[in-house]
Every structure is written in C-alpha cells, then in structure tokens.
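If you want the building blocks of each chain, they are given just below.
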Amino acid sequence: MSILTYSARPRISLPLRFLAGVLAVLLAALALFYVVMRPPFGDLRAMATFLTITATLSLVAGYAAYRGGWLARAPRLSWALLGICALSSILTFVNVWVTARLMFASQHDLALATVLLMFAGGIAMVLGYFLSVGITDRIRVLCLAAEAVAAGRLGTRVPVTGRDEMAELGHAFNAMSDQLAAAAEKQREFETLRRDLIAWAGHDLRTPLASIRAIVEALADGVVEDTAERERYLRTAQRDIRSLSSLIDDLFELAELDAGGLKLERWPGSLSDLISDTLESFSARAQQQQVALHGSADPQVDPLLIDSGKIGRALANLVGNALHYTPAGGAIEVAARLEAGEAWVSVRDTGIGIAPNDLPHIFERFYRGEKSRSRASGGSGLGLAIAQGIIEAHGGRIWAESALGQGAVFTFTLPK
Ligand code: ADP
C-alpha cells in the first residue's frame, strides 16, 4: 500500500506570497488615500502608521491560522469556509475600526461605521456559507460514489460540471471507477475461462482414458477371443492414445504461450518451403480422404524472419482443420502473397463452413463448433487458439471468414 503526498512547490512560498499581498494592499490603500484626499504630510504619515499596525495584526492572525492548521481541523469543510469568511470579516472590522477610531474621533461616525461593518461582516459570512454549500455538495457526491465503489458497485460515476479542480477530481474518479469495473470484468472472464479450461481438459483427458482402460481390462480378462475383434480394440486404444498425447502436446504449447509468451527462435526462413513441406505431410491423408490439396506462394514473400517450427505448427493446425471439415471431393488451397508490406497466408477449403454464431468464438480455447462437438472425431478445440498465439507472438494477425456450407478461409499475416 502506498500513500501519496502532494505539496505544490510554487517559486515563492505561500507565507511570502501572503506578506507580498498584504504589502501591496497597504501601498495601494496609501496611494488611494493620497490621490483621493490629498492629505497633508502629517496625516499621510499617521495613516501609514495606522495601516501598518493593522496590516501587521492581519498578518499575524492570518499566519497563526495558517500555521495552526485550524481550517483542516474543522469537522466540516463548510465550517472551515465559514471560518475563512469570519476571519476576513473580523480582520476587516478591526482594520477599519481601529484606524477610524484613531483618525477621526467623531463618536457618531464611529458608531455608524461599527454598525455598518458588523452588518457587512455578517452578510459576508452568510454569503460565504451559502456559496460554500455548492462546493461541499460536490464533495459529498464524490464521497457517496467512493463509498459505492468500496461497497462493490464498480463503475459508479459522478456528474462532472465546470473545469475547476473539483471537475478534475470528478474526471479522475470516473476514470478510476471505469478502470476498476474493466479490471473486475476481466477477472471474471478469466475465472470463467479457468473453470471451463479445467472442466474441458478434465473431460477430454478422462474420455479417452476411460476407453483405453475398458479396452485394456477387456483384453487382460481375456473376454475378447476373436482376433479381428481384438485388433479393432487395439486400434481404438491406439487412436485414443494418439488423441491423448496430442491433447497433452496442445496443453503444453498453450502453457508455453501463457508463461510470459512464446520463446521464438526467429531466422530468415522461406514461407514457400514451409507451405510445400506442410502440404507434403498432409498429402497421404488428403489422398485417403479424396480431398485435393493445392499450394502457391508469391516469390516476393521470402525471406521472412520467423520461427519456422512454430509457423509450421500454426499452418499445420489450419490445414489439419481444413482437411477435418472438408468432405470427399472437396479442395484445399494454401496461398501466400505480399499485401501492404506484409506476408498474407490463406488456407481456403470447400468444407462444411462455420455457423455465424460459432465464428466469433472459434479462436477461444476449447471452443468447438456445434457440429464438431457432436462429432466423435472432433478435436480438442485448442488448435486455433495455439495458431493465434503463435501468429500474434510474431506480430501478425489471424482471422476467419466463412458461411455455413460454403467452406472457410483462414488468413494470417506476418510482418515482412
Ligand atoms: P478443433 O480441435 O475442434 O478443430 P480448433 O481450435 O482447431 O479446434 O477449431 C475450433 C472450431 O472451429 C472447430 O471445432 C470447428 O467448429 C471450427 N473450425 C475450425 N476450422 C474449421 C474449418 N476449416 N471449417 C469449418 N469449421 C472449422
């Protein structure tokens, strides 16, 4: 916890400015006295003496109030402001009364001046109090809003009027409150994601494990006697083990992405080579599924400063998905081109496409489209999240365009 203190450091300290102000007023009053009344030198000197005495009195009283911190001790700000008015009125009264008494001895005038001064002082105090309520009300609103935020109603805002320090405080308060609300929202999303992650990972780990366990138990108990049947069981177990190990690989990759970002080993690499290698590795599967695979790359895109292993992984996730969601007779095309000084790589397929309500979520962890969720062959829902992490770590962007039944295009960019 840190407590911030603020002390304005003007070039001239506050008491010195007070002294200078009083001196300026003293000189101005003497000048005015001289101009208006043209007094003989003796009167001017007497006036200077009286004014100096009362000015000194004001200085002492004002400085004592300042040093004593009386204003800060008032239980209410409006009382403090009232105190300022009262002190000003009393000092004015003393100044005028003492000077008047010393200078013109007419009892009648003095009595009249006294009454008028008391009246003026009273009016000043009432007026000061009345106007101070405008300030204290604004402070009270801020107080209430701060209490609301402390009670958990984040995002509470105060109305801001004017351009003074109170308005600045209001703006700062609103900004703080918005920030707190945004941070809390992020925290909530993070919590939900964490809970979902654990639930999904648990489910995805448990399902193939349960299947493997049932198979191994059946084989160990010798209940499967038929060789063909046993082979089928083993192949199922093999598939489950493959899916388990790929899920664990994905989880590791995500953990790496989260833990302070991915460590990239960037070297000048060739995107064309990467595309042909990826297509090569998927060619047998594509042939088996009767899906045509094409690749092309604009020679200008090379070379690029990339971590070839990681970009290859992202590309493989996209091509793997395209193959996964494209039925026999379809086609997949991977193309790289230079656009606006960036390398753009797109993976286009003629597959089942993505539903509009799935499209905004497909890059989220563990998110699976409605169709893939119901399919036994659906993946872990991590492939696109990993691809996005890798592309963004390279300073690029990735997005998808698709309509149900009309294939999908995934595009990512890499800075050249
Ligand atoms: P999964 O392992 O389920 O494929 P991904 O993160 O790779 O997870 O993809 C998330 C979801 O995006 C998929 O479940 C699927 O619904 C949708 N998807 C991804 N690629 C395609 C594609 N080429 N065609 C149609 N749907 C796709």
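Rules of the game
Residues numbered from 1 in each chain as written. Predicted model: local features only at pLDDT ≥ 70, side-chain atom pairs only at ≥ 80, totals over all residues. Heavy atoms only, no water. Pairing = 2+ DSSP bridges. Helix = DSSP H or I, 4+ residues; strand = E, 2+ residues; numbered from the N terminus. Axes fitted to C-alpha atoms, helices over the stretch in contact; angles between N-to-C directions. Contact = heavy atoms within 4.5 Å. Expected span 1.5 Å × (residues − 1). Bend = angle between axes of the 7 residues up to and from the residue. Buried < 20%, exposed > 50% of the residue type's maximum accessible area, 1.4 Å probe, protein only. Polar contact = N/O pair within 3.5 Å; in protein donor to acceptor, adjacent residues only side chain to side chain. Core = buried A, V, L, I, M, F, W, Y, C linked by side-chain atoms within 4.5 Å. Domains from an automatic or database assignment. Parallel < 35°, antiparallel > 145°, perpendicular 65-115°, else oblique. Nonpolar A, V, L, I, M, F, W, Y, C, P; charged D, E, K, R; others polar. 1 Å grid on protein atoms, 1.4 Å probe; cavity = no way out; pocket = protein on both sides within 12 Å on 5 of 7 lines; lining within 4 Å. Points joined across faces, edges and corners; volume = space filled by probe spheres on them. Patch = residues over 30% accessible without salt bridge, like charges linked within 9 Å, V, L, I, M, F, W, Y side chains within 5 Å. Areas by Shrake-Rupley, 256 points an atom, 1.4 Å probe, with all protein chains shown as cover. Salt bridge = Lys/Arg side-chain N within 4 Å of Asp/Glu carboxyl O.

Undergrad: Help me get a handle on the sheet that holds strand β4 (residues 331-339), residues and values and all.
TA: Read across the sheet, 5 strands follow the order β2-β4-β5-β7-β6 without closing on themselves; strand pairing throughout is mixed. At either margin of the open sheet sits one strand with a lone partner, and together these are β2 (292-297) and β6 (398-402). The sheet shows a mean angle of 15° between the axes of neighbouring strands, direction not considered. Where β4 and strand β5 (residues 342-349) come together, 8 bridges link them in antiparallel fashion. Note on β5: the bridge partner recorded for Val334 is Val347. The strands touched by helix α8 (residues 271-289) within the sheet are β2, β4, β5 and β7 (408-415), with β2 carrying the most contacts at an inclination of about 175°.

Undergrad: An account of α8 is needed here, citing residue identities and associated values.
TA: Its 19 residues give α8 an end-to-end C-alpha distance of 26 Å, which sits within 8% of 27 Å, the value for a rise of 1.5 Å per residue. The largest bend in α8 amounts to roughly 45° and is located at Ser283. Within α8, burial applies to Leu271, Leu274, Ile275, Thr278, Leu279, Phe282 and Ala286. Backbone nitrogen of Ser272 and a side-chain oxygen of the N-cap are separated by 3.4 Å at the start of α8; the cap is Ser270. Remark: Gln290 follows α8 within two positions and exhibits a positive phi of approximately 55°.

Undergrad: Any chance you could break down the nonpolar core for me, citing the residues and the numbers?
TA: Formed by 45 residues in total, the largest nonpolar core has its most connected members in Leu271, Ile311, Phe410 and Phe412. Of all the elements, helix α9 (residues 308-324) adds the most residues to this core, at 7 residues. Residue contributions to this core reach at least three from each of two domains, namely domain 2 (198-258) and domain 3 (267-415). Within the second largest apolar cluster, 6 residues are counted, among which are Leu142, Val158, Met166 and Phe173.

Undergrad: Can you explain the packing of helix α5 (residues 107-150) against helix α6 (residues 165-221)? Please cite residues and give values.
TA: Describing two packed helices takes the angle between their axes plus the distance from one axis to the other. Contact pair α5 / α6: the axes reach a minimum separation of 11 Å and the direction vectors enclose 10°. It follows from the interaxial angle that α5 and α6 lie roughly parallel. Across from Arg138, Ile139, Leu142, Ala145, Ala146 and Val149 in α5, the residues of α6 making contact are Met166, Ala167, Leu169, Gly170, Phe173, Ser177 and Leu180. Here the contact of α5 with α6 is composed, by residue class, of 10 nonpolar, 2 polar and 1 charged.

Undergrad: So what's going on with the layout of surface pockets? Residues and values would help.
TA: The calculated volume of the second largest pocket comes to roughly 510 Å³. Lining the second largest pocket are 18 residues, with Gly62, Ala65, Leu71, Ile84 and Leu87 positioned closest to its centre. Among the elements that line the lining of the second largest pocket, the one with the most residues is helix α4 (residues 77-103), at 8 residues. Of the residues assigned to the lining of the second largest pocket, the class counts are 11 nonpolar, 7 polar and no charged.

Undergrad: I'd love a proper account of the side chain of Asn174, names of residues and values included.
TA: Tracing the chain through its elements places Asn174 in helix α6. One polar contact links the side chain of Asn174 to the main-chain amide nitrogen of Val158, over a distance of 2.8 Å. Asn174 has contacts with Thr156, Arg157, Val158 and Val160, leaving out every residue within four places of it along the chain.

Undergrad: Run through a nonpolar patch on the surface, naming residues and quoting values.
TA: A grouping of Leu32, Tyr34, Val35, Val36 and Met37 is seen on the molecular surface, where their side chains present a nonpolar patch of about 530 Å² in accessible area. If you trace the backbone, Met37 turns up in helix α1 (residues 14-37). Judged by its relative accessible area of 55%, Met37 is exposed.

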